[in-house]
Amino acid sequence: MDFTFTEEQQAAVEAAKAVFGGVAPDGVPSPAITAGAVADDFDRALWTKLADADLLSLLLAAEYGGAGLDAIALCLVLREAAKVLARVPLLESSAAAVAVQAYGGEELKAELLARAGRGEVVLTVAANGRTGHDPAELAVTARRDGDAWVLDGVQTAVPWAENADFTVVPAHTGAGRTVLALVPRVHEGVVLGEQISTTGERLGELRLESARITARDVIDADGAWEWLRELLATGTCALALGLGERVLAMTSAYTGKREQFGFPVATFQAVAVQAADRYIDLRAMEATLWQAAWRISTGAGGALPASGDVAVAKIWASEGVRRVVQTAQHLHGGFGADVDYPLHRYHAWAKQLELSLGPAAAHEEALGDLLAAHPLG
């Protein structure tokens, strides 16, 4: 087996490193000292640079100005984005665009995809449901009315909702199917309420009150929401991996120069063992991430559906990123809580990623259900 990345995927990583190389994690006020949102908008200057580097169109086909790459390439870029806490809707917009490409109608694709790849249209996804704990597709109802769909319901904690042009909203029909509706930010029957994330970024509570969405802007293909949901989860695991790797590197650098009793604290056995455990966490996060991304990218079969591999990746990512930042805070001592040092920002972002992924116990239960339904021979 060959586990190396392709030349195209490696080129995407190099392009991402070039763009993110100048990004400072302290580019906006700290969430620890800001009462409201840290900023009114995402980093538009960085968004433009990503568009110029063709990193917003990685997964789009050539006919829409894209590179035609896969989920693995996207995860590689997201990994680099998380290392600098890049404040852009890269995951949400890319995942929504490729879902439109895979499942949307020709008119919608022609209208939206090329513009999304150029960064002219920003997309996000409402994936947290009404409370953040219930399935997102059950939070909104959709009924057909002539040449439109009528949506009613509430989605909470929608990332970048205040700034995205369209939000992809999963909704359930009377027949028990799930459709995906592209809801404009400003539209009759659409009400946005501001929420603040753990990172200090603006989220949105999206209320839909008999909002009419034209049939062209609704995707009713079977499996579209399940595929998009798994891509979002896998991308979030990639963010957790990149963040964890940067935090462990910061911890290594700090403990290597911080001395006690005349020796660097990194030479103490207790410190080295904790750092080694976190390194093992990261390698497990990495292996399970690429397995999930590979299943999504290739559609390859296996003993379990791809959702099983995604569940395993989420188990490691949600617990692993928490353990990494907790150990980092411990080994940094009081310095880790200093708001003039970026570690506290990484801690806040890690907590937000952990909350987005959900508890490992829930994913273990889902994995158990899959194992029960698909006995291994």
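Further up the page is the structure itself.
Analysis parameters
- Residues numbered from 1 in each chain as written.
- Predicted model: local features only at pLDDT ≥ 70, side-chain atom pairs only at ≥ 80, totals over all residues.
- Heavy atoms only, no water.
- Helix = DSSP H or I, 4+ residues; strand = E, 2+ residues; numbered from the N terminus.
- Rg over C-alpha atoms; globule rule 2.2 N^0.38 Å.
- Contact = heavy atoms within 4.5 Å.
- Areas by Shrake-Rupley, 256 points an atom, 1.4 Å probe, with all protein chains shown as cover.
- Phe/Tyr/Trp six-rings, centres within 6.5 Å; stacked < 30°, edge-to-face > 60°.
- Buried < 20%, exposed > 50% of the residue type's maximum accessible area, 1.4 Å probe, protein only.
- Expected span 1.5 Å × (residues − 1).
- Axes fitted to C-alpha atoms, helices over the stretch in contact; angles between N-to-C directions.
- Parallel < 35°, antiparallel > 145°, perpendicular 65-115°, else oblique.
- Left-handed = near helix turned anticlockwise from the far one by under 90°.
- Nonpolar A, V, L, I, M, F, W, Y, C, P; charged D, E, K, R; others polar.
- Salt bridge = Lys/Arg side-chain N within 4 Å of Asp/Glu carboxyl O.
- Core = buried A, V, L, I, M, F, W, Y, C linked by side-chain atoms within 4.5 Å.
- Pairing = 2+ DSSP bridges.
- Disulfide = S-S within 2.5 Å.

Student: Pulling in residues and values, what's your account of the overall build of the protein chain?
Tutor: Looking only at helices and strands, the protein chain has 10 helices and 10 strands in total. Over its C-alpha trace the protein chain gives a radius of gyration of 21 Å, about what one expects of a compact globule, namely 21 Å for 377 residues. C-alpha extents for the protein chain along the principal axes are approximately 80 × 55 × 40 Å. Considering only intrachain contacts with a sequence separation of at least 6, the fraction spanning at least 24 residues in the protein chain is 74%. A total accessible area of about 16,500 Å² is found for the protein chain, and carbon and sulfur atoms account for 53% of it.

Student: Describe in detail the packing of aromatic side chains, supporting the description with residues and values.
Tutor: Counted by the stated rule, this structure contains six aromatic pairs. Taken together, a centroid distance of 5.2 Å and an interplanar angle of 75° make the contact between Phe5 and Trp290 edge-to-face. Of this pair, Phe5 sits in the segment before α1 (7-20) while Trp290 sits in helix α7 (residues 269-298), and the two are 285 residues apart along the sequence. Aromatic side chains Phe335 and Tyr341 sit 4.6 Å apart centroid to centroid with 40° between the ring planes, which places their arrangement in the tilted category. Classification of Phe335 as partly exposed rests on a relative accessible area of 36%.

Student: So, helix α4 (residues 90-103): which residues are in play, and what are the values?
Tutor: With 14 residues, α4 should reach 20 Å at 1.5 Å per residue; the first-to-last C-alpha distance of 20 Å fits that figure. The buried count for α4 comes to 12 of 14 residues, which makes it a mostly enclosed element. Of all the positions in α4, only Leu90, Leu91, Glu92, Ser93, Ser94, Ala95, Ala96, Ala97, Val98, Ala99, Val100 and Gln101 are classed as buried.

Student: Got a sec to walk through helix α8 (residues 306-332)? Specific residues and values, please.
Tutor: Here α8 spans 39 Å end to end across 27 residues, near enough to the 39 Å set by a 1.5 Å rise per residue. In terms of residue burial, α8 counts as a mostly covered element, since 19 of its 27 residues are buried. Just downstream of α8, Gly333 is the residue with a positive phi angle, here 65°.

Student: Account for the packing of α8 against helix α9 (residues 343-357), naming residues and giving values.
Tutor: Contact geometry of α8 with α9 gives a least axis separation of 9 Å together with a crossing angle of 160°. Regarding the angle of α8 to α9, the classification is roughly antiparallel. Between α8 and α9 lies a crossing of left-handed hand. Two secondary-structure elements touch here, α8 through Lys314, Ala317, Ser318, Val321, Arg322, Val325, Ala328, Gln329 and His332 and α9 through Leu343, His344, Tyr346, His347, Ala350, Lys351, Glu354 and Leu357. Tallied by class, residues from the contact of α8 with α9 come to eight nonpolar, five polar and four charged.

Student: Which residues make up the pattern of salt bridges, and what values go with them?
Tutor: Scanning the entire structure with this criterion turns up 28 salt bridges. Between Arg323 and Asp281 there is a salt bridge whose closest N-O contact spans 2.9 Å. Remark: Asp281 occurs in helix α7 and Arg323 occurs in helix α8; sequence separation between them is 42 residues. With relative accessibility at 22%, the residue Arg323 sits in the partly exposed group. Overall, the relative accessible area of 5% leaves Asp281 in the buried class. Between Glu319 and Arg322 there is a salt bridge whose closest N-O contact spans 3.9 Å. Taken together, the residues span about one helical turn, with Glu319 and Arg322 both in helix α8 at a distance of three residues. Bridged by salt links that share partners, the residues Arg278, Asp281, Glu319, Arg322, Arg323, Lys351 and Glu354 form one connected network.

Student: Can you tell me about the nonpolar core, naming the residues and giving the values?
Tutor: Counting residues in each nonpolar core, the largest one holds 88 residues, and the members touching the most others are Phe20, Leu50, Val77, Val88, Leu228, Leu243 and Val247. Residue contributions to this core peak at 15 residues, all from helix α6 (residues 224-257). For Val88, the contacting residues outside a window of four places in its chain are Phe42, Asp43, Leu46, Trp47, Leu50 and Trp160.

Student: I'd like to hear about the pairing of strand β4 (residues 166-172), residue by residue, with values.
Tutor: Each regular strand displays side chains that alternate between the two surfaces of the sheet. Counted residue by residue, β4 has five buried out of seven residues, so it is predominantly covered. In sequence, β4 turns back onto strand β5 (residues 178-184) through a hairpin of five residues, with Gly176 there showing a positive phi of about 85°.

Student: Describe the side chain of Ser94, naming the residues involved and giving the relevant values.
Tutor: Its location among the elements puts Ser94 in helix α4. You can call Ser94 buried: its relative accessible area is 9%. Sequence-distant contacts of Ser94, that is, excluding residues within four places in its chain, are made with Leu56, Leu74 and Pro89.

Student: So what about the state of the cysteines? Which residues, and what values?
Tutor: Overall, the coordinates contain zero disulfides when judged by the stated rule. For Cys75, which is in no disulfide, the shortest distance to another cysteine sulfur is to Cys237 and amounts to 8.2 Å.

By themselves these figures say nothing about function.
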